[in-house]
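Okay, here's what each chain looks like letter by letter:
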Amino acid sequence: MKDGADRADPPARILIVDNARLTRQLLELMLAPEGYRLDTASSGEKALAMVATQPPDLILLDVMTPDLDGYEVASRIKGDPATKNIPIIMITSLDDRHARMLGLDAGAEDFLTKPVDRGELQVRVRNLLRLKAYGDHYDRYSQRLETEVRTRSAALVESEMRFRQLAEAIHQVFFLTDPRMTVMLYVSPAYQDVFQRSCASLCDNPRSLGDAVHPDDRARVLEQIAPHGTIIPFDVEGRIIRPDGSERFIRARGFPIENADGEVYRFAGIAEDITESKRAGAALAELSRRTERRERLLTTTLSSSGDFASIYDRDGRFLFVNQPLLDLWEITLEDAVGKNFFDLGYPKEVAGRLQRQIQQVFETGRPLSGETPYTSPARGDGIHEYIFSPAPGADGRVEFVVGTTRDVTERKRVEAELRTARDAAEAANQAKTEFLSNMSHEIRTPMNGVIGMTDLVLDSELTVEQRENLGIVKSSADALLTAINDILDFSRIAAGKLALDPIDFNLRDAVGDAASAVALKAHQKGLELIVDVEASIPQTLRGDPGRLRQILLNLLGNAIKFTQRGEIVLRVTGEASTDQDLVLHCSVSDTGIGIPADRQQSIFDAFTQVDGSTTRNYGGTGLGLTISSQLVHLMGGSISVESEAGKGSAFHFTARFARSAAAAARPIPHAVDLRGLGVLIADDNATNRQLVRDMVLGWQMTPTLTANVSEALVALRVAQQSGRPFTLVLADVQMPGADGFTLAAAIKEDAALAGATVVMLTSAGQPGDAARCRRLGIAAYLSKPIKRSELRAAILQALSPPLTDARPPPLVTRHSLRESRLAGRILLVEDDRVAQLVAKRLLEKRGHAVVIANNGREALAILDEAAGLEFSCVLMDVQMPEMDGFECTALIRDREQLTRVHLPIVAMTAHAMAADVERCLAAGMDAYLSKPIQPHELFEMVERHLVGAVTGVDRAEPKAIG
């Protein structure tokens, strides 16, 4: 190695750091004759900057510098991995042991005291540069050595991985031992397949490899492997005996592996099963005489064949047949070679087809497959699945055709049995569907009369006892209808035919309708029913509102059923949203009996309730939650429950809905600006107060919350005295002590407060409440749970100035808000007298005109007479004598091709299966109602179509209710 100081090329760079210019010049003069490249710095900061940009080979560093002292500069240089190897000589005028210790501790390699001796300086610089050159050379060598070790280690790991992959991929047994074959280092998994013994047993006892050799062959095999006890390369054939007693012919080859020094340090071997080759010796000999290529092809075919293997020449004659196929035919190889399918007794049609396919493979070079029957003395009649594959020769032309055959008789038998079982199951399922559909019709038809007539009678004047008895009839009929609907929905789930019917709908109305349907039951039990829909959720969505209401009714009904005191809270919030859709999170919580932890998951299973007494104590089919769970999954969500026995339950579910391009619900025309108006909310229930507060905040009103009448009166008087009186008071009727009517009376009697408009909210209306409201000057009276849209409409109407001063404005109620509906002329096509009477009276009571036709023929005659222009829509029964609803609808639609005027047709039927709905809509009907007809469903469906006939034959998207 060259001396780094004496023969440096290029010369070494030295950095002189000293704040005294004279000292720097003196040091330069001392070192200049040595031929070094010299740089100088007057401060520690400049020195560090120069070291960072162009590191020197050595640094002469003064201890006392103006900004950073030499100790700090040395510490920083030695602390940086890039510069830590630069030698530093500290120079100072302080000649004491402590100063030297500080310099060496900072990392300096040497120390000189001023005044510096020229010769000593040159020697120390030369020695340090030489040491640095040795160190740099050592570092480069270490790095090269480390890189080489890593490279060779990676190559070794990769080589071992390739070796294992190759050894485990081949069918032959590969093994690796020490030089004397006393320690088994590795054996491939194929050993277990060939020898039928575990690899672990061979590794534990390598001598067991010799023990497996047939006794008659053992001495010969061992002598060829290790003559005179010395292991040598070998290539030997012999028989082995498997643990089950069967014999196999094995060919084993072994060879030593030497290291770089030529010493044997491993011994490797390969063993393969050549039994099939031995048994086919005659055919192999014949093929080997033809070409070496044919021998390799046959060996490959034998080792990779399936159950049966054979080779054919261009004339379709057998060149080779393996033993399983010979056993099937009960012939020898000599009997098969040179024969064709005709010679072996195949039916002429089958043999001819097989011969033609073999010839086609020779001509096209493409494989062919198929199935063929066979008759075997050993197995009788059966079916073979075969494939004929081309085997090209050296010139690229097809030299042989290789046949691979499998016996699929058992598989075909099982497939036939499965088809028979499937057909039987489908027939049974169809029979069940038809039975349920017929039973639905038979039950719903009389129920239509029972429920419809009961509703009509309940709307008439009755004694208390009569109303109570009819109420029991109505409740029982509704319960029976619920059970029927549950069973039908469950059957649709089981058949995989439960589907959604997406339409644009008002979410808050759908939620409010569900809550209103169970509100009376809640109020009868003294429960507070609270509904909270997050204000940020869009008004109009696209989905199936009927199925959403069904889920909510199930959950709300269960909550009311299992709660004796407290409250039921239904909340709807947004969980996630995109520009196209959003996920709603709905929860129904109660303060009821709760559900034990070990039963919470099973309640979603069919016919399962919390315990055996649930049905006896509370009623129900046990299907509601199962159906709800399926509906939730159809809506792209999930359902779960949180509960603790005795402390209530909270059911949660999510559902995905599309954003609707349609406008939100029609706004109610008004001239009242609600923004900034002060509103006083009086309610003893904290949840209700927060719910109403959130609603009015969404309309930019300014709410004040109070929990009773006393607090409300104080708030009213304080606001009046401050000059900012409340414009509106929203008061709950049921409050402890003084109720909402007491508050209204106090407001009316106090002239200073009489200007406030009062809207009363009640959980359980009582007879005479409306009269009290009018007497006390209350503007509106609404039942809980309150729909957001209804509360807004009621407030707007209550605050709107009256059109005339002749009489006071009427009391705003939930019913008066719905009085603006349209009236229409309806054609009712129905053959059942009771159903006619029920539908006619319900519609006429609603304000519609009804014309009745007893069947499809009468309906067509009535439409012809009126030219189809007098009717807003048609209610069409499906099953009728003379002409049913399907035929009548088809004729009406045919006529519309000429008139270009579309008449809405709503199907009415007691059949309620999914197939019935699809059939009605496919027949050209616009919508579907299942019997028994529920009044609110009937009114909703009819009034949806009262916009008049649509020009053209294109119809709105079909809808279904029921």
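Our subject is the structure listed above.
The following refers to the structure shown.

Before going further, it helps to examine the overall build of the protein. Counting secondary structure elements, the protein contains 32 helices and 36 strands. Scored against the burial criterion, the 962 residues of the protein give a buried share of 44%. Looking at the protein alone, contacts between residues at least 24 apart form 62% of all its contacts between residues at least 6 apart. In the structure as shown, the protein presents an accessible area of about 49000 Å², 52% of it carried by carbon and sulfur atoms.

What follows is about the pattern of salt bridges. A complete count under the given rule lists 27 salt bridges for this structure. The salt bridge partner of arginine 13 is aspartate 39, with a shortest N-O separation of 2.1 Å. Taken together, the residues span a long stretch of sequence, with arginine 13 in strand 1 (residues 13–17) and aspartate 39 in strand 2 (residues 37–41) at a distance of 26 residues. The salt bridge involving aspartate 926 is made with arginine 893; its shortest N-O contact spans 2.7 Å. Remark: arginine 893 occurs in helix 30 (residues 885–899) and aspartate 926 occurs in the loop between helix 31 (914–922) and strand 34 (927–930); sequence separation between them is 33 residues.

Before going further, it helps to spend a moment on the side chain of aspartate 732. Residue placement: aspartate 732 occurs in strand 25 (residues 728–732). With a relative accessible area of 2%, aspartate 732 lands in the buried category. Beyond its immediate stretch of four places on either side in the chain, aspartate 732 contacts Ala682, Asp683, Asp684, Gly740, Met760, Leu761, Thr762 and Lys784.

If you check which residues of helix 9 (residues 215–225) are buried, you get Asp217, Val221 and Ile225. Buried residues of helix 9, viewed axially, fall in a sector of 65 degrees; they line one side. Along helix 9, the residues that are exposed and aim more than 90 degrees away from the buried face are Pro215 and Ala219. The secondary structure elements touched by the buried residues of helix 9 are strand 8 (234–241).

Within the open sheet, the 5 strands sit side by side as 7-6-10-9-8. Their pairing is antiparallel. In the strand order of this sheet, the two ends are held by strand 7 (184–187) and strand 8, each with one partner. Across the sheet, the axes of successive neighbouring strands diverge by a mean angle of 25 degrees, strand direction being ignored. As paired strands, strand 6 (residues 173–177) and strand 10 (residues 264–273) are joined by 5 bridges and run antiparallel to one another. The partner of valine 173 across the bridge, within strand 10, is alanine 271.

Across the interface, helix 29 (residues 856–866) lies against helix 30 with an axial gap of 9 Å and an inter-helix angle of 25 degrees. By the criterion of interaxial angle, the relationship of helix 29 to helix 30 is roughly parallel. Facing Gly856, Ala859, Leu860, Leu863 and Asp864 of helix 29, the residues of helix 30 in contact are Cys888, Leu891, Ile892 and Arg895. Of the residues that constitute the contact of helix 29 with helix 30, the class distribution is 6 nonpolar, 1 polar and 2 charged.

The subject of this paragraph is the pairing of strand 3 (residues 58–62). The buried count for strand 3 comes to 5 of 5 residues, which makes it a mostly enclosed element. Side-chain alternation along strand 3 places Leu58, Leu60 and Asp62 on one buried face and Ile59 and Leu61 on a second face that is also buried. Taken together, the 4 bridges between strand 1 and strand 3 define a ladder with parallel strand orientation. Bridged to valine 17 within strand 3 is leucine 61. Where strand 3 meets strand 4 (residues 88–92), 4 bridges bridge the pair, whose relative direction is parallel. Following the sheet pairing, isoleucine 59 is matched in strand 4 by isoleucine 88.

Turning our eyes to something else, we now look at the nonpolar core. Core analysis: the biggest nonpolar cluster contains 43 residues, and Leu507, Val572 and Phe653 have the highest contact counts within it. Those elements giving two or more residues to this core turn out to be helix 18 (507–524), strand 17 (528–533), helix 19 (545–561), strand 19 (567–577), strand 20 (581–590), helix 21 (624–634), strand 21 (639–643) and strand 22 (649–659). With 8 residues, helix 18 is the single largest residue contributor to this core. Of all hydrophobic cores here, the second largest spans 29 residues; its members include Tyr312, Leu328, Ala391 and Val401.

Residue alternation in strand 21 divides its side chains into a buried set, Ile639, Val641 and Ser643, and an unburied set, Ser640 and Glu642. The antiparallel pairing of strand 21 with strand 22 creates a hairpin that spans 5 residues between the two strands, and glycine 646 there sits at a positive phi of about 85 degrees.

One open sheet accounts for 5 strands, arranged 12-11-15-14-13; its pairing is antiparallel. One side of each edge strand has no neighbouring strand; the edge strands of this open sheet are strand 12 (318–321) and strand 13 (368–376). On average, each strand axis in the sheet is tilted by 25 degrees relative to the strand beside it, whichever way the strands run. The sheet contact formed by strand 11 (residues 308–312) and strand 15 (residues 398–407) spans 5 bridges and is antiparallel. Across the sheet, the residue bridging to phenylalanine 308 is threonine 405, located in strand 15. Set on the sheet, helix 15 (residues 348–364) makes contact with strand 11, strand 13, strand 14 (380–392) and strand 15; between it and strand 14 the angle comes to about 15 degrees.

Conventions and cut-offs
- Residues numbered from 1 in each chain as written.
- Predicted model: local features only at pLDDT ≥ 70, side-chain atom pairs only at ≥ 80, totals over all residues.
- Heavy atoms only, no water.
- Helix = DSSP H or I, 4+ residues; strand = E, 2+ residues; numbered from the N terminus.
- Buried < 20%, exposed > 50% of the residue type's maximum accessible area, 1.4 Å probe, protein only.
- Contact = heavy atoms within 4.5 Å.
- Areas by Shrake-Rupley, 256 points an atom, 1.4 Å probe, with all protein chains shown as cover.
- Salt bridge = Lys/Arg side-chain N within 4 Å of Asp/Glu carboxyl O.
- Arc of directions from axis to C-beta.
- Pairing = 2+ DSSP bridges.
- Axes fitted to C-alpha atoms, helices over the stretch in contact; angles between N-to-C directions.
- Parallel < 35°, antiparallel > 145°, perpendicular 65-115°, else oblique.
- Nonpolar A, V, L, I, M, F, W, Y, C, P; charged D, E, K, R; others polar.
- Core = buried A, V, L, I, M, F, W, Y, C linked by side-chain atoms within 4.5 Å.

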